[in-house]
Amino acid sequence: MRYLPGEPQQLPGNRASFGDHQPQHFLFALEAGVATITLNRPERKNPLTFDSYAELRDLFRALAYADDVKAIVVTGAGENFCSGGDVHDIIGPLTKLDMPGLLAFTRMTGDLVKAMRACPQPIVAAIDGVCAGAGAILALSSDIRYGTARSKTAFLFTRVGLAGCDMGACALLPRVIGQGRAAELLYTGRSLGGEEAERWGFFNRLCAPESVLADAQAFAASLASGPTFAHGMTKKMLQQEWNMGVDEAIEAEAQAQAICMATNDFHRAYHAFVAKEKPQFEGN
């Protein structure tokens with residue numbers, strides 16, 4: 001990445017450009033404000049490793065300062081999304097770690113979810129085929145999920161003798177599909193088929209396998225061309241209001257909306273409405 005000179009809000013440490021970003025453990029492409037992150041080990045159904053976990057965490061943290069990334073798409077290469085933690089590169093070594101080492105690992109994977117939820121850009125997951133374990137958590141941590149009828153989402157943790165509470169699953173999943181349905185999936189580890197996932201609200205939309213990525217990118221592009229400052233505020237409030245009472249939430253939203261009313265985008269929308277034109281948002 002490179003830092004941009006210019007106005008104070010764009011000095012090093014405040015804003016960064018990701019047009020030339022080249023990660024080591026996955027693919028990254030940026031077009032028209034939409035960053036596409038592709039897990040790229042299709043021969044093994046795109047599993048995660050210690051290194052890819054950490055690099056994804058660091059990338060999502062850094063994207064909070066991106067001036068050229070307005071929306072994000074996460075997908076997997078080939079015909080699968082992500083099979084979770086690599087059995088040989090992660091699961092095997094974990095059996096040899098002591099408790100401090102295990103806790104360092106589980107905190108690191110949880111930090112990836114925190115980084116995804118904290119980055120201001122909307123994240124759209126394009127899911128086909130296997131979406132399992134930590135891969136299911138990546139999908140869950142996204143804001144919007146596009147899937148296919150043949151996709152299979154499974155929170156497999158109990159299948160390997162672990163609790164279903166990995167990486168925030170017990171907090172996030174009930175909010176997406178409801179407590180009872182979440183409990184069933186987290187206790188049993190069974191696969192959730194694409195059509196059932198859409199009925200349950202896990203998927204926002206079902207797409208054809210050959211178009212799911214393009215559909216997700218098109219939706220992300222529509223967000224990228226919109227009032228991106230306001231989108232970031234919406235995402236922040238969706239996250240923060242989980243822990244608020246109704247009165248606190250109403251006050252927090254009053255403050256958030258007042259901030260948005262001070263933006264140029266709000267004024268652009270008003271003047272475009274008066275002129276009977278479509279507003280051209282710039283994210284400020």
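Since the model is a prediction, treat every value here as computed from it, not as a measurement. (Residues numbered from 1 in each chain as written. Predicted model: local features only at pLDDT ≥ 70, side-chain atom pairs only at ≥ 80, totals over all residues. Heavy atoms only, no water.)

Peer 1: Just give me the short version of the layout of surface pockets, but keep the residues and values in it.
Peer 2: Here the largest pocket is characterised by a volume of approximately 1000 Å³. Elements supplying a minimum of two residues to the lining of the largest pocket: α3 (99-118), α5 (169-177) and α9 (228-240). By residue number, the principal contributor to the lining of the largest pocket is α9, which donates nine residues. Considering only residue class, the lining of the largest pocket consists of 16 nonpolar, 15 polar and nine charged. Here the second largest pocket defines a volume of roughly 790 Å³. Around the second largest pocket, the lining is made up of 28 residues, and of these Ile91, Phe157, Val160, Leu162 and Asp166 lie nearest the centre. Of all the secondary-structure elements, those providing two or more residues to the lining of the second largest pocket are α2 (87-94) and α3. (1 Å grid on protein atoms, 1.4 Å probe; cavity = no way out; pocket = protein on both sides within 12 Å on 5 of 7 lines; lining within 4 Å. Points joined across faces, edges and corners; volume = space filled by probe spheres on them. Helix = DSSP H or I, 4+ residues; strand = E, 2+ residues; numbered from the N terminus. Nonpolar A, V, L, I, M, F, W, Y, C, P; charged D, E, K, R; others polar.)

Peer 1: Give a description of unusual backbone geometry that names residues and reports values.
Peer 2: A positive phi angle, close to 50°, is found at Ala32, a residue other than glycine. Tracing the backbone through its elements, the reader meets Ala32 in the loop between β3 (27-31) and β4 (34-39). The phi dihedral of Met167 falls on the positive side, at around 55°, and the residue is not glycine. Within the fold, Met167 resides in the loop between β9 (152-154) and α5. The class for Met167 is buried, based on a relative accessible area of 7%. (Buried < 20%, exposed > 50% of the residue type's maximum accessible area, 1.4 Å probe, protein only.)

Peer 1: Before we move on, could you go through the sheet that holds strand β6 (residues 123-126) and cite the residues and values that matter?
Peer 2: What the six strands build is an open sheet, ordered β3-β4-β5-β6-β8-β11; its pairing is mixed. Because the sheet does not close on itself, it has two edges, and the strands there are β3 and β11 (205-207). Along the sheet, successive strands turn relative to each other by an average axial angle of 20°, direction set aside. Of the pairings in the sheet, the one linking β6 to strand β8 (residues 144-148) comprises three bridges and is parallel in character. Of the residues in β8, the one forming a bridge with Val124 is Ile144. (Pairing = 2+ DSSP bridges. Axes fitted to C-alpha atoms, helices over the stretch in contact; angles between N-to-C directions.)

Peer 1: Tell me about the nonpolar core, and name the residues and values.
Peer 2: Phe60, Phe155 and Phe202 are the most contacted members of the largest nonpolar core, which has 55 residues in total. Look past the residues within four positions of Phe60 in its chain and what remains in contact with it is Ile37, Ile72, Val74, Leu112, Ala115, Met116, Cys119 and Ile123. Of all hydrophobic cores here, the second largest spans 12 residues; its members include Ala126, Tyr146, Ala216 and Ala224. (Core = buried A, V, L, I, M, F, W, Y, C linked by side-chain atoms within 4.5 Å. Contact = heavy atoms within 4.5 Å.)

Peer 1: Describe empty space enclosed by the protein, listing the residues and the values that go with them.
Peer 2: Within the structure shown, the criterion is met by one cavity of 30 Å³ or more. Each pocket or cavity is described by its volume, and for the largest cavity that value is around 40 Å³. Lining the largest cavity are His25, Phe26, Leu39, Asn40, Arg41, Asn46, Pro47, Leu48 and Ser52. Residue classes in the lining of the largest cavity are distributed as four nonpolar, four polar and one charged.

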